[in-house]
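Topology and contacts: notes
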Amino acid sequence: HYQAALKRSPRAIEYLKGRGLSGEIAARFALGWSGEDRRGLTAVFPNYEDALLVECGLVIEAEDGRRYDRFRERIMFPIRNGRGKLIGFGGRIIGKGEPKYLNSPETPLFAKGRELYGLWESRAGIRREGCVLVVEGYMDVVGLAQHGLENAVATLGTATTAEHVQKLLRASHKVVFSYDGDQAGVRAAWRALQACLPQMRDDVSVRFLFLPAEHDPDSYIQAFGDKAFRAAMDEAVSLSRFMFDELARRHRLDEAEGRAACVHEALPLLASMPENAYRIQVEREFAQLVLLTPEELA
């Protein structure tokens, strides 16, 4: 229904063309258009009063009992689980209005903390590139695919969770998180780091790519091209480097008080890591940072 509506909407087609997307990419990700009708889904579900329509998040029931479609005037992004089954939608408004992005609500099928947009569509690209790239928005995933980077997935408007990390590491042993270089991006990266630490194995590589504050991945690759984006990915900082740099930024390491406070903050992070060679390496390097021997740190 949404895909057919997109083909009939010059306004929606014009928007996607303006974002640099081809019809082929729109078809690969099954992009659609919700239409503007408050009850457009009556064309799909003759029994619009079915309770399942509310339970799965397609329809909203107001307090007075009246029903209307959750998604209106939005480009529609189907969200699939790891087996390719449709479990929810994301919608991007193209007129004025808030919120700019709207997801299906939490349902028995769909939980934001468990799912990654694009993981199903990008599985072949992830194998080919030997790496999974984690971004923040649907348009980033689709825009990168348009430029030949077909290994991106997106968190669905929520912080990276332990379940996200498990799925990422099942998809590839190499993960690159991409964030804006502003303070919000650094905070999001720090939360992702905390989710990753308990799952860091010796054969795993996790890196962080911080783009200039005025760019997201979609705008960066449109401005500079895929070679520049790949070069930026190659320069992404390791998880341990990001952790040390951020701890050093928060504490004055030129005085005993700052180094002690840094140790106090770092110990729970180090303790959350599995006991393996990687943890030993990280602890040794951190001990040098705070002028302790590894034995003193232990």
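The present account deals with the structure reproduced in this document. Just so it is clear, the structure is predicted and the values come from calculations on it, not from any experiment.

Some remarks on the layout of surface pockets
- Of the pockets and cavities examined, the largest pocket occupies roughly 510 Å³.
- Together, 26 residues line the largest pocket, and Glu-136, Gly-137, Asp-140, Thr-155 and Gly-157 are the ones closest to its centre.
- Broken down by secondary-structure element, the contributors of at least two residues to the lining of the largest pocket are β6 (101-103), α6 (138-146), β9 (152-155), β10 (174-180), α8 (183-196) and α9 (217-224).
- Of the residues assigned to the lining of the largest pocket, the class counts are 11 nonpolar, 7 polar and 8 charged.
- Quantified by volume, the second largest pocket comes out at close to 340 Å³.

Some details on the sheet that holds strand β12 (residues 237-238)
- Ordered by their spatial adjacency, 6 strands build an open sheet running β7-β9-β8-β10-β11-β12, and the pairing between neighbours is mixed. Here the strands that pair on one side only, and so sit at the sheet edges, are β7 (116-117) and β12.
- Sheet topology places strand β8 (residues 132-135) next to β10; 3 bridges connect them, and they run parallel. Among the inter-strand pairings, Leu-133 is bridged to a residue of β10, identified as Val-176.
- Sheet strands in contact with α6 are β7, β8 and β9, and its direction is about 175° off that of β9.

Quick word on the nonpolar core
- Counting residues in hydrophobic clusters, the biggest one holds 42 residues, and the most contacted among them are Phe-177, Val-206, Phe-208, Leu-239, Met-243 and Phe-286.
- Elements with a contribution of two residues or more to this core: β8, α7 (162-171), β10, α8, β11 (205-211), α11 (239-250), α12 (256-271) and α13 (277-289).
- Here this core takes 8 residues from α8, the largest share from any one element.
- Here Val-206 is in contact with Val-175, Phe-177, Cys-196, Met-200, Val-237, Ser-238 and Leu-239, once residues within four sequence places are set aside.

Reading guide: rules and limits
- Residues numbered from 1 in each chain as written.
- Predicted model: local features only at pLDDT ≥ 70, side-chain atom pairs only at ≥ 80, totals over all residues.
- Heavy atoms only, no water.
- 1 Å grid on protein atoms, 1.4 Å probe; cavity = no way out; pocket = protein on both sides within 12 Å on 5 of 7 lines; lining within 4 Å.
- Points joined across faces, edges and corners; volume = space filled by probe spheres on them.
- Helix = DSSP H or I, 4+ residues; strand = E, 2+ residues; numbered from the N terminus.
- Nonpolar A, V, L, I, M, F, W, Y, C, P; charged D, E, K, R; others polar.
- Pairing = 2+ DSSP bridges.
- Contact = heavy atoms within 4.5 Å.
- Axes fitted to C-alpha atoms, helices over the stretch in contact; angles between N-to-C directions.
- Core = buried A, V, L, I, M, F, W, Y, C linked by side-chain atoms within 4.5 Å.
- Buried < 20%, exposed > 50% of the residue type's maximum accessible area, 1.4 Å probe, protein only.

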